[in-house]
Amino acid sequence: MSKVRTGRELLVLSYCETRDPALRDGILIEYKWLVDYIARKFAYNRSDTEDLMQVGSIGLLNSLDRFDPSKDVDFSTFATPNIIGEIKH
């Protein structure tokens, strides 16, 4: 059964094939909501959120480099523990 892909997932798949830096920037923008959501969970106060978002963005980019589209896993599912780990680190 074929899986329906969203625009975000197609962007990630295109990046995995081409490694185009412009696509990488677009992915960072498209998944900002995920990094923001996770950063808010770990922030003790509002002033911490921005710093945690920067660190979480590094985790997002690292997970993008390690993502294997041949595995049947959504990128956001793969990236979440990587973002959390980077923030905790």
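Residues numbered from 1 in each chain as written. Predicted model: local features only at pLDDT ≥ 70, side-chain atom pairs only at ≥ 80, totals over all residues. Heavy atoms only, no water.

A. Expanded view of the packing of aromatic side chains. Counted by the stated rule, this structure contains 3 aromatic pairs. Summarising the aromatic geometry, the rings of tyrosine 31 and phenylalanine 75 are spaced 5.1 Å apart at their centres and angled 75° between planes, so their arrangement reads as edge-to-face. Taken together, the positions of tyrosine 31 in the loop between helix H2 (21-30) and helix H3 (32-42) and phenylalanine 75 in helix H5 (residues 75-88) put the pair 44 residues apart, joining distant regions of the chain. For tyrosine 31, a relative accessible area of 3% gives the class buried. Note on phenylalanine 67 and phenylalanine 75: the rings are 5.3 Å apart at their centroids and 85° apart in plane angle, and the pair reads as edge-to-face. Judged by its relative accessible area of 2%, phenylalanine 75 falls in the buried class. (Phe/Tyr/Trp six-rings, centres within 6.5 Å; stacked < 30°, edge-to-face > 60°. Helix = DSSP H or I, 4+ residues; strand = E, 2+ residues; numbered from the N terminus. Buried < 20%, exposed > 50% of the residue type's maximum accessible area, 1.4 Å probe, protein only.)

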